[in-house]
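So you can see what is in the structure, the chains are spelled out below.
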Amino acid sequence: MGKLNVQRLKETLNYLQSKQRELKRQQETDTRSLESMIKYLKKDMMEQYHLSEHHVSIKQEIKDTEAFIENVKNIIETNS
């Protein structure tokens, strides 16, 4: 298992969190593009940072963005 680039992961997580907040604000409008962006971002983070090596059940919880964010925070905490 390679060393995790914690700094880059933190930045990516911040970006994901800002998109998630944006999604929550836009309840009435068309959120499909934001939702697909968030979905892509999570998938990209999984691959880029090999998150399943750091968290066993993160793949099962990927659909729940809030849970995903918490898991990534824990991974950052553990690797800092």
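Residues numbered from 1 in each chain as written. Predicted model: local features only at pLDDT ≥ 70, side-chain atom pairs only at ≥ 80, totals over all residues. Heavy atoms only, no water.

(A) Highlighting the environment of Lys 24. Examined against the element boundaries, Lys 24 turns out to sit in helix H1 (residues 6-25). As a C-alpha pair, Lys 24 and Glu 61 span 37 residues in sequence and 19 Å in three-dimensional space. Polar side-chain contacts of Lys 24 include one of 2.8 Å to the side chain of Glu 66. (Helix = DSSP H or I, 4+ residues; strand = E, 2+ residues; numbered from the N terminus. Polar contact = N/O pair within 3.5 Å; in protein donor to acceptor, adjacent residues only side chain to side chain.)

(B) View of the pattern of salt bridges. Counted by the stated rule, this structure contains four salt bridges. A salt bridge links Glu 70 to Lys 73, with the shortest nitrogen-to-oxygen separation between them at 3.4 Å. Placement of the pair is Glu 70 and Lys 73 together in helix H4 (residues 65-79), with a separation of three residues, close to one helical turn. Judged by relative accessible area, which is 41%, Glu 70 ranks as partly exposed. Lys 73 sits in the partly exposed class, given a relative accessible area of 34%. (Salt bridge = Lys/Arg side-chain N within 4 Å of Asp/Glu carboxyl O. Buried < 20%, exposed > 50% of the residue type's maximum accessible area, 1.4 Å probe, protein only.)

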